[in-house]
Amino acid sequence: MCRWTVHAGEPVFLEQLVLEPCHSLIAQSQHAREAKAETNGDGFGLGWYGERPEPGLYREILPAWSDANLRSLCQQLRARLFFAHVRASTGTATARANCHPFAFGRWLFMHNGQIGGYERIRRRVEALIPDALYGARHGTTDSEALFLAIAGRGLEADPVGAVMAGLAEVEAIMAEAEIAEPLRFTAALSDGERVYGFRYSSDDKAPTLYVRDFPSGTVLASEPLDIERGCWHAVPPNALVSLAIGGRAEVAPLPVAARRPLSSVA
């Protein structure tokens, strides 16, 4: 499984999360402690909001620990909101287009988890992407397909509702195909103003998610980035973390019971 982190708050250099902590994202790319795969070496990516509404992206297929450009960028880039992700592939190719985060308009998305039995239902999942958005499908991952399906289900008006509708439709497809493997979805989503963190799974093994408030802002992470584990709060399964830039994180149960498919909107 992948590892990721988000910062939202005052502008900070990306190196403060990606490089410097003792269990930084770079460290987790080699020695993850709370994942099925210890090594996350199938590429990495950064997404950040600068002076424009749309986020910037830098993604590469090299292992994060061996890319000198990543280190240089993290030492120079400063942002009030950024995503960082190291990838452990669940079966799709190691390619730049398959590296997280994914961007669509002003939205950023990254994911740790998988759609169970994806190769059996790939065409049906991709069919959830509205025609008007399918041109943004550049890679082959289940994560990108799910993001674009969500983007076509009222993302601008109701981000949480769009995510839950997308998950419901995928789970319905999985059930019809009699897939026993779970849908696991620990993900981050942002429009540059608010951040949403999701920890969900159709079984009892949702990938981990933690949150911590710092003087400079709030950090979400797959694993604590430092040795002060008592300062990090584990997000419970089937829960949502939401916050505005400069605000405090709020954790609430996901509206799982209300999850149901919605009609696509372009």
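Scroll up a little and you will see the structure.
Residues numbered from 1 in each chain as written. Predicted model: local features only at pLDDT ≥ 70, side-chain atom pairs only at ≥ 80, totals over all residues. Heavy atoms only, no water.

Novice: I'd like to hear about the pattern of salt bridges, residue by residue, with values.
Specialist: Across all of its chains, the model carries 16 salt bridges by this definition. The partner of Arg229 in a salt bridge is Glu34, and the shortest N-O contact between them spans 2.9 Å. Residue Arg229 is located in the loop between strand S10 (217–221) and strand S11 (233–234), and its partner Glu34 is located in the loop between helix H2 (25–31) and strand S2 (44–48); the two are separated by 195 residues in the primary sequence. Notably, a salt bridge pairs Asp213 with Arg248, separated by 3.0 Å at the nearest N-O pair. With a gap of 35 residues between them, Asp213 in strand S9 (residues 210–214) and Arg248 in the loop between strand S12 (239–244) and strand S13 (250–253) connect regions that are remote in the sequence. According to the relative accessible area criterion, Arg248 is exposed, its value standing at 65%. A cluster of three or more residues bridged by salt bridges with shared partners is formed by Arg122, Glu126, Arg137 and Glu144. (Salt bridge = Lys/Arg side-chain N within 4 Å of Asp/Glu carboxyl O. Helix = DSSP H or I, 4+ residues; strand = E, 2+ residues; numbered from the N terminus. Buried < 20%, exposed > 50% of the residue type's maximum accessible area, 1.4 Å probe, protein only.)

Novice: Tell me what's going on with the sheet that holds strand S3 (residues 56–60), and back it up with residues and numbers.
Specialist: Strand order across the open sheet formed by seven strands is S3-S2-S4-S1-S10-S9-S11, with antiparallel pairing between neighbours. At either end of the open sheet lies a strand with only one pairing partner, and these are S3 and S11. (Pairing = 2+ DSSP bridges.)

Novice: Mind laying out empty space enclosed by the protein, listing which residues take part and the relevant values?
Specialist: Taken as a whole, this structure holds two cavities of 30 Å³ or more when the rule is applied. The calculated volume of the largest cavity comes to roughly 80 Å³. Cys2, Arg87, Ala88, Ser89, Thr90, Thr92, His100, His111, Gly113, Thr141, Asp142 and Ser143 are the residues that line the largest cavity. Of all the secondary-structure elements, those providing two or more residues to the lining of the largest cavity are strand S6 (107–115) and helix H5 (142–151). Its residues assigned to classes, the lining of the largest cavity shows two nonpolar, eight polar and two charged. Taken as a whole, the second largest cavity holds about 40 Å³ of empty space. Contributing to the lining of the second largest cavity are Val18, Leu25, Ile26, Phe44, Gly45, Leu46, Ala64, Leu70, Ala84, His85 and Val86. At the level of secondary structure, the elements contributing two or more residues to the lining of the second largest cavity comprise H2, S2 and strand S4 (78–86). Residue composition of the lining of the second largest cavity, grouped by class: nine nonpolar, two polar and no charged. (1 Å grid on protein atoms, 1.4 Å probe; cavity = no way out; pocket = protein on both sides within 12 Å on 5 of 7 lines; lining within 4 Å. Points joined across faces, edges and corners; volume = space filled by probe spheres on them. Nonpolar A, V, L, I, M, F, W, Y, C, P; charged D, E, K, R; others polar.)

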